[in-house]
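# Working through the structure, step by step
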Amino acid sequence: MKIRTATALAAATVAVATLTGCGASYDETVAACRKELTERPKDATGKPDVCKDVKDDDYGRIVIVVAAEKEGWFDENGDVDINEMMKDGAEN
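What you are looking at is a predicted structure, and each value in this text was computed from that prediction instead of being measured.

### Thoughts on the overall build of the protein chain
- Along the backbone of the protein chain there are four helices and zero strands.
- When its helices and strands are written in sequence order, the protein chain yields α-α-α-α.
- Here the protein chain holds 92 residues, and 26% of them are scored as buried.
- The contacts of the protein chain with a sequence gap of at least 6 include a subset with a gap of at least 24, amounting to 51%.

### So, the nonpolar core
- Among the nonpolar cores identified, the biggest contains nine residues, and these are Tyr26, Val30, Cys33, Leu37, Cys51, Val54, Tyr59, Ile62 and Val66.
- When contributions to this core are tallied by element, the ones reaching two or more residues are helix H2 (23–39) and helix H3 (56–71).
- No other element matches the four residues that H2 contributes to this core.

### Observations regarding the packing of aromatic side chains
- In total, this model carries zero aromatic pairs according to the counting rule given.
- The residue whose ring lies beneath Lys47 is Tyr59, and the NZ or CZ to ring-centre distance is 4.8 Å.
- Above the face of the Tyr26 ring, Lys55 is positioned so that its terminal group lies 5.2 Å from the ring centre.

### Comments concerning the state of the cysteines
- Taken as a whole and assessed by the stated rule, the structure comprises one disulfide.
- The partner cysteine of Cys33 in its disulfide is Cys51, sulfur to sulfur 2.1 Å. Torsion about the S-S bond of the Cys33 and Cys51 cystine: about 105°, corresponding to right-handed handedness. Highlighted residues: Cys33 in helix H2 and Cys51 in the loop between H2 and H3, separated in sequence by 18 residues. Here Cys33 and Cys51 have matching classes, each one buried.

### A short note on the side chain of Arg40
- Within the fold, Arg40 resides in the loop between H2 and H3.
- One polar contact links the side chain of Arg40 to the main-chain carbonyl oxygen of Gly46, over a distance of 2.9 Å.
- The residues contacting Arg40, other than those within four sequence positions of it, are Thr45, Gly46, Pro48, Tyr59 and Lys70.

Conventions used here
Sequence order as written defines residue numbering, which begins from 1 separately in each chain. Where local features are concerned, this predicted model is filtered to residues with pLDDT of at least 70; where side-chain atom pairs are given and counted, the filter is 80 or more; whole-chain, interface and lining totals use all residues. Here the side-chain values reflect all heavy atoms present in the structure, with hydrogen atoms and water set aside. Helix and strand labels come from DSSP, where a helix needs a run of H or I of at least four residues and a strand needs a run of E of at least two; each type is numbered from the N terminus. Residue burial is assigned from relative accessible area. The probe radius is 1.4 Å, only protein chains are included, and a residue is buried under 20% of its type maximum, exposed over 50%, and partly exposed in between. Contacts between residues were defined by any pair of non-hydrogen atoms, one from each residue, lying within 4.5 Å. What is meant by a nonpolar core is a set of buried Ala, Val, Leu, Ile, Met, Phe, Trp, Tyr and Cys residues, joined one to another through side-chain atoms within 4.5 Å. Between rings of Phe, Tyr and Trp, where Trp is taken as its six-membered ring, a pair exists when centres lie within 6.5 Å; planes separated by under 30 degrees are stacked, by over 60 edge-to-face, and by other angles tilted. When the NZ atom of lysine or the CZ atom of arginine is within 6 Å of a ring's centre and also within 35 degrees of its normal, the charge is said to sit over that ring. The disulfide criterion used throughout: a pair of cysteine sulfur atoms within 2.5 Å. Polar contacts here mean pairs of N or O atoms no more than 3.5 Å apart (in protein, one a potential hydrogen donor and the other a potential acceptor; neighbouring residues in sequence count only if both atoms are side-chain atoms).

Shown next, in the form of structure tokens:
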């Protein structure tokens, strides 16, 4: 899965939310949640308070993308680097 695909999926989710009346406030909530997950320590667990209003499906996608980014599983083009993923798996 490419990061662009994940970003497009998030954008589509936000677009649907906009059409249903949630609008920019949900978009801001998602952005704040992603920022919090990106900046928190790797060993932190649990859903941060800033993410409490993010829908469960959206939250799960954000967690996966942020974790993959932290692991360095995307190359400079935003594509999944399978070799990096395999290397990380072999080290465990």
